[in-house]
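Coordinates in review
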Amino acid sequence: MSTRVEYHQLDAVVVGGGGSGLAAAVYLARQPGIRAGVISKLYPTRSHTGTAQGGVGAALGNCDPEGDSWEWHMFDTVKGSDYLADQDAVEILCKEAIDVVYELEHMGLPFSRTPDGRIAQRRFGGHAVNFGEKPSRRACYAADRTGHMILQTLYQQCVKHNVEFYDEYQVVDLLVEGNRCNGVVAIEIETGTLHVFHAKAVLFATGGWGRMFEITSNAVTLTGDAPALIWRCGLPLEDMEFFQIHPTGIYKLGILITEGVRGEGGVLRNSEGERFMERYAPTMKDLASRDVVSRAIYLEVKEGRGVDGRACVNLDATHLGRDVIEEKLPDIADFCRTYIGVDPAVDPMPVQPTAHYAMGGLPTDADGRHLADADGTIVDGLYASGECACVSVHGANRLGTNSLLDLIVFGRRAGLHMGAYARGADFGEIPADAADRAIEQLERIREGKGERAAVIRDEMRAVMTDHVSVFREEPGLEKAVEKIKELRERFLTVKVDDKSERFNLDVLEAFELGCLLDCAYSTATAARNRTESRGAHYREDCPKRDDGEWLKHTFQHLRGNDVEFSYKPVTITRFEPKERVY
Amino acid sequence: MRVRFEIKRYDPEVDEAPRFQTYEVELEETDRVLDGLNEIRWRQDGTLTFRRSCEHGICGSDAMRINGRNRLACKTLIREVGDRVRVEPILGFPVVRDLAVDQRRFFRNYRSVLPFLINEDPAPARERLQSTEDRERFDDTTKCILCAACTTACPSAWGDEAFVGPAAIVQAHRFIFDSRDQGAGERLARLTARSGVWGCRTVFNCTMACPRDIQVTKAIAEVKRAAIIGGR
């Protein structure tokens, strides 16, 4: 193991080069006198934001005769969240949406256009006109490559503003002293050298952790590094029980088929050819929110109406015609042809729910500042935004198009706040041995004599899929918690083949498995703890929402190997909780 | 089916010369070449090094030479390559380790064409208008994922390190033909230098290599024409 350690001092460090990290970086770069750097374990253009397809939500009102309003968007988001989202934060999200989408256009984002040259908008699940009346066209899109265009555009702006990048540096530790963050420790993947980044402000924007499930839309690199590091430092995670399983992944592969297919008029059909969503959601039908549609698909399969006896249903877009598919959904058509030999203009696409998005994560306020507890104490200099953060604007279930929006709105706010904070703050103290804990951890992985990471990972993914997915109940969750405990124990002696220093992905993948195990532990324990059903968290043994007991956010601290729970009230401003019908 | 992988291995700090190593993996014909590489690293030999991320052809991490052609490993199915697969790093950049190459020059070239919208007019309160025809004009080149498959398939780029390469020209095209952009003049000035667009000998390897089916050679020709006669 390398003991070479290099030292850097920057005002602000952004960890993660996806949409939210780059948005923060752009707004940091626009502030004079702030030296900021982006640390990313991938080249930033490889980040998973690039795979987002359908659109970014904003009430521009370009495409519906009724127009649109941020209040309708806010209502839909709150309802979609099953009333767990904090409404003050949702208000910010939906108001600023309009501004950030125009700003993205000004930065050069090549949105698809309406015949009169405005940003084109399409329908998406859970988005409606006039407080739930009928589906609304709110998703601003660039064909089915919206995320790709956002990622490219923000990276271009970073190039324009000369943002400092540390590409292929993976953060393996953070430096927290009391209630203050003083930097991070990263490994330079190419050389194995460790780097201490001493900073006044650190933003985590590392994305999700869908890799703890077997079928997922998430990249191999989405391993929950930030939540794991945060948790190990004694800081809390929020609402980890809420993990979105997207209704339409390509059967067996999990590759996402955008909700935009249904937004353009595609419908789900069971083995009998029935458009079954009409039974589950009479008004919104196939455009009900994702948790509702995923549960419906599971039930259809369970009741024997899976297509060809398999665990999938059909997503039928054949009636849209080849022109619409090639113009508005070209990448989807390409994925289907490439991976399953299906031409969606001719045949329906076999789909099954796929683990997609973490609603929970690092608790923050609306400026991205990290919370130390459920009372709202701030950790100075520590920020989070994007999927890894929990503001909370998504509550128990996120609406489609609101993730890209969240990335930009809260990435921007965090970037602006960090700059202002860094201007007024001094550097904190960091110890001379700041890198030692990271060195020790990596060394332990390198010297392990137990099992390969892949063996442990497979068992984790199986138990999470079997017991902590769309339907959950006490005995299964208990089994999952015990299994994850056992796997965390076995992980302590995980074995790698590669002992070298340069580009050692064997060690880093094992490190990432450790992070995933912490995310799985947090998710399973939180799911067992919440004895109600809300949004994406559905308990067969407690199928009703219980606002009396559970209209509150879960906070979890890791104490040794035990999990300590506390709770934060939900902020309700405009919309009182009511029954959720689509 | 049993698939035999012959993979070019090289750690320039340790090995005197590259060598081929053979692995056998049990795969379905609908599996990806990347699934085979993952199986090898996860269960047979953790020292095998390659980049990967999204696994479905969007992130651009895993461009490599598969049976002699530049492909994305995640977008190449076993049924296309059969039961013997030869995998090598893309050509023209220094090997960092095994299938991972040093991409610094690639991204430097990308930066050299000013890959961002240039428009000095004050922004309107709402979106700038753009007709669907104007939007269509540069649609093809917006698809680029910067995987480097085109540039590392280009004999001109192999032969001349100074040549900016097809990917950078594709990026320039994306802005030169965007009706909202005002930076065409400066970009074209850079691209008519010796290292620029005239390095292209119209071999079409780039178009063949592009995993996003971008008409790369056509885009380069359009930039050449703009350089001579100006205008979009």
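These remarks concern the structure in this document. From a predicted model like this one, the values you see are computed outputs, not experimental measurements.

**Observations regarding the overall build of chain A**
Of the regular secondary structure elements, chain A holds 16 helices and 20 strands. Seen through its principal axes, chain A has C-alpha atoms that stretch 65 × 50 × 50 Å. The proportion of buried residues among the 582 residues of chain A is 65%. The long-range share in chain A, meaning contacts at least 24 apart out of those at least 6 apart in sequence, stands at 76%.

**Thoughts on the overall build of chain B**
Along chain B, the regular secondary structure elements total 10 helices and seven strands. Considering only C-alpha atoms, chain B reaches an extent of 60 × 35 × 30 Å along its principal axes. When each of the 232 residues of chain B is scored for burial, the buried share is 52%. When contacts within chain B are restricted to residue pairs at least 6 apart in sequence, long-range pairs at least 24 apart make up 65% of them.

**Thoughts on the interface of chain B and chain A**
In this complex, chain B contributes 38 residues to the contact, which on the side of chain A involves 41 residues. Of all the secondary-structure elements, those providing two or more residues to the side of chain B that touches chain A are α1 (33–44), β6 (95–97) and α4 (132–137) of chain B. Its residues assigned to classes, the side of chain B that touches chain A comprises 12 nonpolar, 12 polar and 14 charged.

**Points about the nonpolar core**
All names here are of chain A. Counting 233 residues, the largest nonpolar core has A12, A25, V202 and L203 as its most contacted members. At 15 residues, the largest contribution of residues to this core is made by helix α15 (residues 505–529). Here A12 is in contact with L28, I34, A36, A199, K200, A201, M418, G419 and A422, once residues within four sequence places are set aside. With 34 residues, the next largest nonpolar core counts L268, A281, I297 and A333 among its residues.

**Side note on helix α4 (residues 146–160) of chain A**
Residues separated by three or four positions in an α-helix point in the same direction, a consequence of the helix having 3.6 residues per turn. All names here are of chain A. With 15 residues, α4 extends 21 Å from end C-alpha to end C-alpha; this agrees with the ideal 21 Å at 1.5 Å per step. Judged by how many residues are buried, α4 sits mostly within the fold: 13 of 15 residues are covered. Looking one or two residues past α4, N162 carries a phi angle of roughly 55 degrees, positive in sign.

**Concerning the sheet that holds strand β4 (residues 69–72) of chain B**
Residue and element names in this part refer to chain B. Pairing in this open sheet of five strands is mixed, and the strands run β2-β1-β5-β3-β4 from one edge to the other. Edge positions in the sheet fall to β2 (19–26) and β4, since each of these pairs with one other strand and no more. Within the sheet, the average angular offset between the axes of one strand and its neighbour, ignoring direction, is 35 degrees. Sheet analysis places strand β1 (residues 2–9) next to β2, joined by eight bridges and oriented antiparallel.

**Examining the environment of A52(A)**
One can find A52(A) in the loop between β2 (36–40) and β3 (56–57). Beyond its immediate sequence surroundings of up to four residues, A52(A) is in contact with T146(A), G147(A), S403(A) and L404(A).

**Points about the packing of helix α8 (residues 184–191) of chain B against helix α10 (residues 216–229) of chain B**
Residues and elements named next belong to chain B. Their axes nearest at 10 Å, the elements α8 and α10 cross at an angle of 105 degrees. Between α8 and α10, the angle falls in the class roughly perpendicular. Contact with α8, carried on its side by A184, L188 and L191, involves V223, A226 and A227 of α10 and no other residues of that element. Classifying every residue of the contact of α8 with α10 by side-chain character gives six nonpolar, no polar and no charged.

**So, the pairing of strand β20 (residues 562–569) of chain A**
Residues and elements named next belong to chain A. In terms of strand pairing, strand β19 (residues 552–559) meets β20 through eight bridges, oriented antiparallel. Its bridge partner lying in β20, R559 is registered against D562. Turn length for the β19-β20 hairpin, with the two strands adjacent in sequence and antiparallel, is two residues, and the turn residue G560 shows positive phi of about 65 degrees.

**Re the packing of helix α13 (residues 453–467) of chain A against helix α14 (residues 474–491) of chain A**
All names here are of chain A. For the pair α13 and α14, the least separation of the axes is 9 Å and the interaxial angle reads 165 degrees. One finds that α13 runs roughly antiparallel with respect to α14. Every pair of crossing elements has a handedness; the one defined by α13 and α14 is left-handed. Touching I456, E459, M460, V463, M464, D466 and H467 of α13 are G476, L477, K479, A480, K483, I484, L487, R490 and F491, all from α14. A breakdown of the residues in the contact of α13 with α14 according to their chemical character gives nine nonpolar, two polar and five charged.

**As for the sheet that holds strand β12 (residues 267–269) of chain A**
Residue and element names in this part refer to chain A. The strand order across the open sheet formed by four strands is β11-β14-β13-β12, and the pairing between neighbours is antiparallel. In this open sheet, the two edge strands, each paired with only one partner strand, are β11 (243–250) and β12. Neighbouring strand axes in the sheet, compared pairwise and without regard to direction, differ in orientation by 45 degrees on average. Bridge count for β12 against strand β13 (residues 313–316) is three bridges, and the pairing is antiparallel. Bridged to L268 within β13 is L315.

Analysis parameters
Residues numbered from 1 in each chain as written. Chains lettered and ligands numbered in written order. Predicted model: local features only at pLDDT ≥ 70, side-chain atom pairs only at ≥ 80, totals over all residues. Helix = DSSP H or I, 4+ residues; strand = E, 2+ residues; numbered from the N terminus. Buried ≥ 20, exposed ≤ 12 C-beta atoms within 10 Å, placed from the backbone. Contact = placed C-beta atoms within 7 Å. Nonpolar A, V, L, I, M, F, W, Y, C, P; charged D, E, K, R; others polar. Core = buried A, V, L, I, M, F, W, Y, C linked by C-beta atoms within 7 Å. Expected span 1.5 Å × (residues − 1). Pairing = 2+ DSSP bridges. Axes fitted to C-alpha atoms, helices over the stretch in contact; angles between N-to-C directions. Parallel < 35°, antiparallel > 145°, perpendicular 65-115°, else oblique. Left-handed = near helix turned anticlockwise from the far one by under 90°.

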